[in-house]
Structures are given as C-alpha cells and as structure tokens.
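Read off the chains here:
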Amino acid sequence: PVVHWFPGHMAKATRMIKEYVKKVDVVIELLDARIPRSSANPVISEVVGEKPHIIVLNKADLADPKETKAWTEYFTTQGMTVLAIDSKSGKGNKQLVKAVERLSQPIIDKWLKKGIRSRSVRTIILGIPNVGKSTLINKLAGAAATRTADKPGHTRGQQWVKIGKNLELLDTPGVLWPKLEDQRAAARLAMTGAISDDVYDLESVMKQLLRQVKENNPNLLVERYKLKPEELDDMEQLLESIGRRRGCLVSGGVVDLDKARRIVLADYRNQKLGNLTLDGVDEEPVIIEDTIEY
Ligand code: G4P
C-alpha cells in the first residue's frame, strides 16, 4: 500500500466521538478544501447521526477557488450546509458562527415551544488530524480563550467557550481518523501533510502529485524548475530533470530522486506550484483499495 499506518481501535474511537457528539446540538465537520473527499472520515455520517451538521472547507486559501466553488455547490446539492473558510487568517470565521446560529435556530424554537428555558446551543469541531481544528478553535475562542483550566491549580479539562450570542464551542476538537483504506485518498492526504511523512511511500505519492500538477498547470512546472517543455513529456524523466536543475546530484552525476521528490513536495505544500485542489468534484468517488491491516 501507499500508506503504511495502522490506526487500530476504530470501534473505540467511534464510540468516543459519539459520546462527544451527544453533548452538542450542532456538529461542525472540518474538511481540507484541497481534498474535500479524501479528508472526510469514512464513518462520519454514522458518527454525526441526526444532529444538524455543517461542512466547513478549511484552508480555502490553499485551494483553487474555482474548485472550492464547485465543491460548495456539490455539497449544497446534497442538501448540506457548507462554507469555505481560512481559519488561519480568520477569513470566514464570522460567517461560520452565523451559519451555526442559523442551523441551531430550529432547536431553540423547539425548546421555546416546549417551554424549556433555553440554554446556549452547543457545538463541536470534528475532523482528521492537521485539518486546522485547533487553529479554528483558537481563533473562534479569541479573547475568551483564557480558560480557567489553564490557570495553575486547575485541572486541565474540556470547557465550553462562548463564540456567539447563544453559542458555545467545546474547546477540545473531536479527532477523526482519515480514509486510509482508499489508496488514492491516502496519497492525497500525504501530499497535503495530513499524515506523517514517515508512514507513506514517497515515490508513489510523488508520482501522483507530479502527474496532477502537470495536468493542472504544466507551465508552472516549466517556470518553477526552468524546464524545457519537452521535458514534461516523460514522467520518469521529469523528476530527473527537476533534480538536475535543483542540483540534487550524487557522485557520478546521478540524480538523487528522493531529494528531488522532497523538493517538489515542499513546493506544493508552500504554494509554489499553485493553488491546486487535488480532489475533483466530478471524479469517480471510488475507493481504490489495497491490503491494509488494522
Ligand atoms: P488540527 O488541530 O486539526 O490537527 O490542525 P491545526 O490547527 O494544528 O493546524 C494544522 C496546520 O494547518 C497548522 O500549520 C496550521 O497553521 C495550518 N492551518 C490551519 N488552518 C489553516 C488555513 O485555513 N489555512 C492555512 N494556510 N493553514 C492553516 P503548521 O505548519 O503545523 O503550523 P504553523 O507553522 O502554521 O503554526
């Protein structure tokens, strides 16, 4: 397989997240805007159940705006509430609070109808590692982030942070596991840095990334690595050419391909190869399976 990683104990993880979800009224599911399909948890609908649920495409600053629009339309057609944000800069965070407040209005109305004294609506952020959960929590909590639990003499624990007029956020995110049984998704998770660099096969991941960059914007590759257009024709040669231009040479003038792969990967992650969305909305959402052990 592309990715060698054994998450284990998934049933236990599902149970734990379900316990978290029980405590809230609305669920915020964070996805990476570059990989909205690959960054989704395989059992998210089971975990969320019937709770109102908003999909947030985070890191929209790193994705292709056209693709983000297409993904937003896709989720909307599926009947989902969806919003693209950039939690690092805070762009879209206000709209997120508003959207969650809108989603929770029917709940408040129900409470009022039943004569229940309304309390704050509660929400939680769920998502796979590295999707930006902590960044978003910290931004939303803002000044309210001075938590009693951080003070000496208090045990650190979960807390509700007020993020809207009638809205509280659990300051601990729900960590979901990524879709590693789908090898195409796993490779894309690796490209974006969602899974640790030492658990996947760099060669096959980079083969896929280079192909996608080349298909999306060959000119960027040509400019970035000062290539001749014909050097793009052969995928085997392409990496070697890049390595040569970048001086990734070992003795005898042989190109250190692994070094070249790392350079291209870093360039993708640092926006040097454009804002490339890796998951296509019209792509077949097949699961490319490989043997994986849990
Ligand atoms: P997690 O809790 O879901 O595991 O994710 P976390 O907030 O730790 O964020 C993971 C990385 O993603 C961090 O980068 C964070 O800054 C970055 N990030 C989060 N949201 C956004 C976003 O909307 N846009 C962009 N461009 N980046 C985002 P890092 O390199 O680990 O840390 P740092 O160097 O940025 O501090």
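Scroll up for the structure.
Residues numbered from 1 in each chain as written. Predicted model: local features only at pLDDT ≥ 70, side-chain atom pairs only at ≥ 80, totals over all residues. Heavy atoms only, no water.

Overview of the overall build of the protein chain
Here comes step 1: From N to C terminus, the protein chain includes 10 helices and nine strands.
Here comes step 2: Relative to its full complement of 294 residues, the protein chain shows a buried share of 48%.
Here comes step 3: Long-range pairs, those at least 24 residues apart, make up 72% of the contacts in the protein chain between residues at least 6 apart in sequence. (Helix = DSSP H or I, 4+ residues; strand = E, 2+ residues; numbered from the N terminus. Buried < 20%, exposed > 50% of the residue type's maximum accessible area, 1.4 Å probe, protein only. Contact = heavy atoms within 4.5 Å.)

With respect to unusual backbone geometry
Here comes step 1: One non-glycine residue, Asn130, lies in the positive phi region at around 75°.
Here comes step 2: In this fold, Asn130 is placed in the loop between strand S4 (121-127) and helix H5 (133-141).
Here comes step 3: Despite not being glycine, Gln271 has its phi angle at roughly 65°, a positive value.
Here comes step 4: By the element assignment, Gln271 lies in the segment after helix H10 (257-269).
Here comes step 5: By relative accessible area, Gln271 is classed as partly exposed at 26%.

Thoughts on the site of the ligand
Here comes step 1: Near the ligand you find 15 residues, and of these Asp61, Asn130, Lys133, Ser134 and Thr135 are the closest.
Here comes step 2: One of the backbone N or O atoms of Asn130 is found 2.8 Å from an oxygen atom in the ligand.
Here comes step 3: Summarising the interface, the protein chains cover 63% of the accessible area of the ligand, which totals 710 Å² for the free molecule.
Here comes step 4: Ranked by residue count, the leading element in the shell around the ligand is H5, at three residues.
Here comes step 5: Across the shell around the ligand, the residue classes tally to four nonpolar, six polar and five charged. (Near = heavy atom within 4 Å. Polar contact = N/O pair within 3.5 Å; in protein donor to acceptor, adjacent residues only side chain to side chain. Areas by Shrake-Rupley, 256 points an atom, 1.4 Å probe, with all protein chains shown as cover. Nonpolar A, V, L, I, M, F, W, Y, C, P; charged D, E, K, R; others polar.)

Quick word on the packing of aromatic side chains
Here comes step 1: In the structure shown here, the tally under the stated rule is three aromatic pairs.
Here comes step 2: With centroids separated by 5.3 Å and ring planes inclined at 70°, the aromatic side chains of Tyr74 and Phe75 adopt a geometry described as edge-to-face.
Here comes step 3: Under the relative-accessibility criterion, Tyr74 is labelled partly exposed at 32%.
Here comes step 4: The rings of Trp71, Tyr74 and Phe75 are connected pair by pair, giving a single aromatic cluster. (Phe/Tyr/Trp six-rings, centres within 6.5 Å; stacked < 30°, edge-to-face > 60°.)

Observations concerning a negative patch on the surface
Here comes step 1: Taken together, Asp201, Glu203, Glu230, Asp233, Asp234 and Glu236 make up a surface patch of like negative charges.
Here comes step 2: Positionally, Glu203 belongs in helix H7 (residues 202-216).
Here comes step 3: By relative accessible area, which is 41% here, Glu203 ends up partly exposed. (Patch = residues over 30% accessible without salt bridge, like charges linked within 9 Å, V, L, I, M, F, W, Y side chains within 5 Å. Salt bridge = Lys/Arg side-chain N within 4 Å of Asp/Glu carboxyl O. Lys, Arg positive; Asp, Glu negative; His and termini not counted. Charge placed at Lys NZ, Arg CZ, Asp CG, Glu CD.)

Focus: the packing of H7 against helix H9 (residues 235-245)
When two helices pack together, their arrangement is captured by the angle between the axes and the distance separating the axes.
Here comes step 1: Relative to each other, H7 and H9 sit at 90°, their axes nearing to 11 Å. As summarised for this structure, H7 and H9 are arranged roughly perpendicular, according to the angle between their axes. Of H9, the residues touching H7 (which contributes Lys207, Leu210, Arg211 and Lys214) are Met235, Leu238, Leu239 and Ile242.
Here comes step 2: A per-class count over the contact of H7 with H9 returns five nonpolar, no polar and three charged. (Axes fitted to C-alpha atoms, helices over the stretch in contact; angles between N-to-C directions. Parallel < 35°, antiparallel > 145°, perpendicular 65-115°, else oblique.)

Examining the pairing of strand S1 (residues 26-32)
Here comes step 1: Where burial is concerned, most of S1 is hidden: seven out of the seven residues are buried.
Here comes step 2: Both faces of S1 are covered, namely the face carrying Val26, Ile28, Leu30 and Asp32 and the face carrying Val27, Glu29 and Leu31.
Here comes step 3: Pairing of S1 with S4 involves four bridges; the strand directions are parallel. Note on S4: the bridge partner recorded for Ile28 is Ile125.
Here comes step 4: Here S1 pairs with strand S2 (residues 53-58) via six bridges, running parallel. The residue of S2 that forms the bridge with Ile28 is Ile54. (Pairing = 2+ DSSP bridges.)

Thoughts on the pattern of salt bridges
Here comes step 1: Scanning all chains against the criterion turns up 17 salt bridges.
Here comes step 2: Between Lys69 and Glu73 there is a salt bridge whose closest N-O contact spans 3.4 Å. Here Glu73 and Lys69 lie together in helix H3 (residues 65-77), a separation of four residues that amounts to about one turn.
Here comes step 3: On the basis of relative accessible area, Lys69 is assigned to the exposed category, the value being 54%.
Here comes step 4: Since its relative accessible area comes to 47%, Glu73 is described here as partly exposed.
Here comes step 5: Through salt bridges with shared partners, a single network forms among Arg37, Arg184, Arg188, Asp279 and Glu283.

What about H5?
Here comes step 1: All of the buried residues in H5 are Lys133, Leu136, Ile137, Leu140 and Ala141. Buried residues of H5, viewed axially, fall in a sector of 125°; they line one side.
Here comes step 2: Buried residues along H5 sit against S1, helix H4 (93-113), S4, strand S5 (160-164), strand S6 (167-170) and strand S7 (174-175).
Here comes step 3: Directly beyond the C-terminal end of H5, a positive phi value near 50° is found at Gly142. (Arc of directions from axis to C-beta.)

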